[in-house]
Amino acid sequence: ASIVCMIMITAQKLMSFKETFDVFIGGIQKMGSVLVVVVLAWGVGSVCKDLGTSQFIVDSTLGLITPHVVPALLFLVGVIISFATGTSWGAMAILLPIGINMAVGFGVSIPMTIGAVLSGCLFGDHCSPISDTTILSSTGAGCDHITHVSTQIPYALLVAGCCFAGYIVAGLTRNVVITLVFSVALLVSALFVLHKLTLKKENAAAKAELGRRGSA
C-alpha cells in the first residue's frame, strides 16, 4: 500500500520520489518504537506465564474478589495499563493470560472476560499521550498533541464509564441482552443529559453577551 501510494504521489507530481521515500522511512522509524514495546510486552507475558503469575493472582484473590466484579475489574485494569503504556496490544498481551485464568478460576464467562480486557485496553490506545495512534493522529492533522489528547479524553471517559457499569451488570446478571440494553440506555441517557447541560450553558453565555452589549 505504501509503495502504491508513493507511485501515485510521484506520478501526480505532488512530491518528488525522494520526498515520498523520506516520508516512508520516517514512518518506519516511528513504528519501530511501537514494535519494540509490543515485543517487550510479549516477553513480559511469556515470563508471567512461566512463573505462573496468572494462577498466583487467581489464588491470591479468591477470598477477596467475588466473581461478579471480575469483568469490570479486568476492564478497569486494562484501561489503566493501556493508558500508562500507550499500547493496546502490549496491555492485551499482559492482561489476557491473567484474565482468562481468573475467568476459569472464578467460573466467569470466558468470552465476557476477553471482551472486558480487549475493550479496556483499547481506551489507552485511543487516549494515551504516548500511544502511537494518538501521536500519528495529531501529527497527521497538524494539531497540537496535548490539545488532541485533552479533547479525546472526555468522550472516551464517557463511553468507558458506561462500559464499566455495563460490565458490573454483566457480572451480576450474566445475561448479554440485559447488559446490552442497560449499557445502551445508560449511554443514551448520559448523552441526553450532557446535551441539555451544553444548551443551558450556551444559553447562559448568550444572555450574558446580550447583557454586556446592552450595557455598552
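Residues numbered from 1 in each chain as written. Predicted model: local features only at pLDDT ≥ 70, side-chain atom pairs only at ≥ 80, totals over all residues. Heavy atoms only, no water.

Enquirer: An account of the overall build of the protein chain is requested, with residue identities and associated values reported.
Expert: Counting secondary structure elements, the protein chain contains nine helices and zero strands. Start at the N end of the protein chain and walk to the C end: the helices and strands fall as α-α-α-α-α-α-α-α-α. Counting over 216 residues, the protein chain shows a buried share of 28%. Within the protein chain, contacts between residues separated by at least 24 positions form 65% of all contacts whose residues are at least 6 apart in sequence. (Helix = DSSP H or I, 4+ residues; strand = E, 2+ residues; numbered from the N terminus. Buried < 20%, exposed > 50% of the residue type's maximum accessible area, 1.4 Å probe, protein only. Contact = heavy atoms within 4.5 Å.)

Enquirer: Pulling in residues and values, what's your account of the environment of Ser-82?
Expert: Its place among the elements puts Ser-82 in helix H4 (residues 70–85). Classification of Ser-82 as buried rests on a relative accessible area of 0%. Leave out the neighbours within four places in its chain, and Ser-82 touches Thr-87, Ala-91, Gly-120, Cys-121, Phe-123, Gly-124, Asp-125 and Ser-128. Only 3.2 Å separates the side chain of Ser-82 from the backbone oxygen of Val-79, close enough to count as a polar contact. Of the polar contacts made by the side chain of Ser-82, one reaches the backbone oxygen of Cys-121; its length is 3.2 Å. (Polar contact = N/O pair within 3.5 Å; in protein donor to acceptor, adjacent residues only side chain to side chain.)

Enquirer: Give me the lowdown on a nonpolar patch on the surface, citing residues and values where you can.
Expert: Taken together, the side chains of Leu-76, Ile-80, Phe-164, Ile-168 and Leu-172 define a hydrophobic patch exposed on the protein surface, amounting to about 430 Å² of accessible area. Within the residue set of the nonpolar patch, elements represented by two or more residues are H4 and helix H8 (145–173). Ranked by the residues each element gives to the nonpolar patch, the list is headed by H8, at three residues. On the secondary structure map, Leu-172 appears in helix H8. (Patch = residues over 30% accessible without salt bridge, like charges linked within 9 Å, V, L, I, M, F, W, Y side chains within 5 Å. Areas by Shrake-Rupley, 256 points an atom, 1.4 Å probe, with all protein chains shown as cover. Salt bridge = Lys/Arg side-chain N within 4 Å of Asp/Glu carboxyl O.)

Enquirer: Go over the nonpolar core, please, and point to the residues and values.
Expert: The biggest cluster of nonpolar side chains holds 13 residues, and the ones touching the most others in it are Val-70, Leu-74, Met-102, Phe-106, Val-108, Val-117 and Cys-121. At seven residues, the largest contribution of residues to this core is made by helix H5 (residues 88–106). By size, the runner-up hydrophobic cluster in this structure holds nine residues, among which are Ala-72, Phe-75, Phe-123 and Tyr-167. (Core = buried A, V, L, I, M, F, W, Y, C linked by side-chain atoms within 4.5 Å.)

Enquirer: Can you break down the environment of Phe-75 residue by residue, with the values?
Expert: When you line up the elements, Phe-75 lands in helix H4. Take Phe-75: its relative accessible area is 3%, and that puts it in the buried class. Expressed as a C-alpha distance, the spacing of Phe-75 and Ala-160, which sit 85 residues apart in the sequence, is 9.0 Å. For Phe-75, the contacting residues outside a window of four places in its chain are Ala-116, Ser-119, Gly-120, Ala-160, Cys-163, Phe-164 and Tyr-167.

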